[in-house]
Amino acid sequence: MDTQSYMPVPPGVGMEENFFSLDDILLSHERLPCRTDTAFPKLGFLEKSSETHDIPEGTKMEMPLWLAKGLYERKRHVISVDLPKVYREGWRTVFGADANVVDLHKMGPYYYGLGSQMLHFENAENPEIAQSILQTFIGRFRRTMDSSQNAYNEDTSALLERLDFLERALFRSGQNGLNAFQLWERGRASQLTASNLVTNYRKRKITELQS
Amino acid sequence: MADALSEASELSGGEESQEEDVLTPAELIARLEEAWLNEKFSPELLENKSELVECVMEQLTHMEENLQRVRKGDLKASVHRMEIDRIRFVLSSYLRSRLQKIEKFFPHVLEKEKSRADGDPSFLSPEEFAFAKEYLANTEVYLKAVALRHMPPNLQSVDMLKAVPEPCLDSFVFLRVKERQENILVEPETDEQREYVVDLEEGSQHLMRYRTIAPLVASGAVQLI
Amino acid sequence: MFCEKAVELVRELHRMSDGQLPAFNEDGIRQVLEEMKALYEQNQSDVNEAKTEGKTELIPTVKFRHCCLLRNQRCIAAYLYDRLLRIRALRWEYGSVLPTTIRFHMCAEELEWFNQYKKSLATYMRSLGGEEGLDITQDMKPPKSLYIEVRCLKDHGEFEIDDGTVILLKKNSQHFLPRWKCEQLIRQGVLEHVIS
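All values derive from a computational prediction rather than experimental measurement.

Structural notes on the interface of chain B and chain A
Item 1. At the interface, eight residues of chain B touch six residues of chain A.
Item 2. Looking at the side of chain B that touches chain A, the elements with two or more residues in it are α4 (75-114) and α6 (160-163) of chain B.
Item 3. It is α4 of chain B that provides the largest number of residues to the side of chain B that touches chain A, a total of three residues.
Item 4. By residue class, the composition of the side of chain B that touches chain A is four nonpolar, two polar and two charged.

Listed below in structure tokens is the structure:
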């Protein structure tokens, strides 16, 4: 349908990031456990626990993904990046047993996105991580799809609660399809409607007036 | 007109070049619908069909004129009016999908146009080309004026080709086969799979990666649905 | 940590996922630009120090700051670009004249971009066949009938239909009108399409 005029830049696919994507910018703000393999003079103030002028070599600190990606080099030792817990063997076993019981929103909410990004850093476990992410997705997809097709005209917040960011997007697109189909079935697909933007601006104006 | 018609007959394989003069209005609209569905469902911008668009516009004007001659309140008039509205919808929707893709992928669309060899057909109509160039210039001027010029000297530009994403040719599309195809190479989906070849029977329908069948969409051998 | 202000700009837009345009955050942009200026100046002086005094141990710090500069640039560019996509949507949903409340949310350069966009689009549409061209911002849904039943949601004044008849669009009045004449008014929320 070409009735929705605002089309944001979508997040990148797989290991890619889209420069202009707001989703990818927020994903790359996720923090990773890192260790410095060299000293960073004059930047000690960024490390709350230390009072020193520099960040010494061997400091354990959390860094956002974008910074870790920028500093990381395969050949030279600048920083090393640790796996967040959800991608380690222990959790991989849990996901392998039954991925459906896990609250991926709490564990994520960018479980798939961040997992794919982790493959940028050299790690012996990378093939297992990639496999585990894929299997988790496959294992949960059926349920995400079914629930998005069966919830019509009801509060979906409970269904969305435990979904990862990517799964939520899929759920929403399933819901859009379902709603469009229902409209068509009731002969309303051709009804002309006010633009969502217009209605929402109006709603906001009214709440502003009331408050 | 004759050019457009011969272009239209090329769409169907080009063998009927003697018949180019007998493209009926119904056939013209059928071509428009094919172009519309292909454009709507393909992730990338397809080759422009501006001569087809021109023909349809002429047809619409022609129909409007005819309508003026019909008595008011005549049942025939409203049937014709409805037909005009429908054709105008398809045409607008077709041009809209194109413009949307031009706006979404403008740096890549322009780059492709730049690297096009002389004599190769252009993907953009001259008007679309002008629009895309203005869109790029307008956007670059804006980014520069609001923020980039206030940034340190080495950060005052953004490479639009890298910043604006490319169309995702790996998306899957539904298609119907118009001309039988043999030995289409299908890329593997997983590491364990090998690539394999398929034959596409005329009239059969498939769900495939766009990249695999993009040349067949361009040649008109398959129709996206 | 650096770049917190920049990501705050992005969050601000991301929260309004339906495409509404929040007020242009001039202050937020200014703060990010200031942080960038400071980072750049520190890097300049450290690069000098590294060169003249051979202090190569400063290089990781320079690189660290450079990453932050790139991140700030990306956040601002993405903030601005996403706003353009929202402003573009306004042209398609409201038409070429925007309500003042929305114009109020745009900075001068954004208004300029909008005007340019409007102009390019008009030129393009005029070029499509015939003398008048073709308005492709209309006919957003396939037509089912020539005339449709509409209810007036607010007073809009006089309105001329094809054959020259003028009707009065008064709040709560109901009319049977040519569909293509109503599309824009329905999108703007002046009329409502009634389906029995």
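Describing the UniProt feature "domain: GINS subunit" (unreviewed entry) in chain C
Item 1. Those residues carrying the UniProt feature "domain: GINS subunit" (unreviewed entry) are residues 39-128 of chain C in this numbering.
Item 2. Split by type, residues 39-128 of chain C is 81% helix and 0% strand. Its first and last C-alpha atoms lie 51 Å apart.

Concerning the packing of helix α5 (residues 111-118) of chain A against helix α6 (residues 126-150) of chain A
All names here are of chain A.
Item 1. Taken N-terminus to C-terminus, the directions of α5 and α6 make an angle of 160°; their axes are 9 Å apart at the nearest point. Compared by their axis directions, α5 and α6 come out roughly antiparallel. When the axes of α5 and α6 are compared, the crossing they make is left-handed. Contact with α5, carried on its side by Tyr 112, Gly 115, Ser 116 and Met 118, involves Ile 129, Ile 133 and Phe 137 of α6 and no other residues of that element.
Item 2. Split into classes, the residues belonging to the contact of α5 with α6 amount to five nonpolar, two polar and no charged.

Structural notes on the nonpolar core
A general trend in soluble globular proteins is that nonpolar side chains are found buried together.
Item 1. Ranked by size, the top nonpolar core spans 88 residues in total, and within it Ala 68 of chain A together with Val 10, Cys 75, Ile 76, Ala 78 and Leu 80 of chain C carry the most contacts.
Item 2. The element best represented in this core is helix α3 (residues 59-94) of chain C, accounting for 17 residues.
Item 3. Not counting the four nearest positions on each side in its chain, Ile 76 of chain C is found in contact with Ala 147 of chain B together with Ala 6, Ile 29 and Val 32 of chain C.
Item 4. With 14 residues, the next largest nonpolar core counts Ile 87, Leu 91, Tyr 94 and Leu 95 of chain B among its residues.

So, the domain arrangement of chain C
Item 1. Structurally, chain C comprises domain 1 (4-126) and domain 2 (147-194).
Item 2. Computed over C-alpha atoms only, the centres of domain 1 of chain C and domain 2 of chain C are separated by 41 Å.

As for the sheet that holds strand β1 (residues 31-36) of chain A
Residue and element names in this part refer to chain A.
Item 1. Strand order in the open sheet made by the three strands is β2-β1-β3, with antiparallel pairing throughout. Looking at strand neighbours, the two that pair on one side only are β2 (60-64) and β3 (79-81), the edges of this open sheet. Averaged over neighbouring strand pairs, the angle between their axes works out to 45° when direction is ignored.
Item 2. Across five bridges, the pairing between β1 and β2 is antiparallel. Paired with Arg 31 across the two strands is Pro 64, which belongs to β2.

Reading guide: rules and limits
- Residues numbered from 1 in each chain as written.
- Chains lettered and ligands numbered in written order.
- Predicted model: local features only at pLDDT ≥ 70, side-chain atom pairs only at ≥ 80, totals over all residues.
- Contact = placed C-beta atoms within 7 Å.
- Helix = DSSP H or I, 4+ residues; strand = E, 2+ residues; numbered from the N terminus.
- Nonpolar A, V, L, I, M, F, W, Y, C, P; charged D, E, K, R; others polar.
- UniProt positions renumbered as here; feature names shortened; annotations may be inferred.
- Axes fitted to C-alpha atoms, helices over the stretch in contact; angles between N-to-C directions.
- Parallel < 35°, antiparallel > 145°, perpendicular 65-115°, else oblique.
- Left-handed = near helix turned anticlockwise from the far one by under 90°.
- Core = buried A, V, L, I, M, F, W, Y, C linked by C-beta atoms within 7 Å.
- Buried ≥ 20, exposed ≤ 12 C-beta atoms within 10 Å, placed from the backbone.
- Domains from an automatic or database assignment.
- Pairing = 2+ DSSP bridges.

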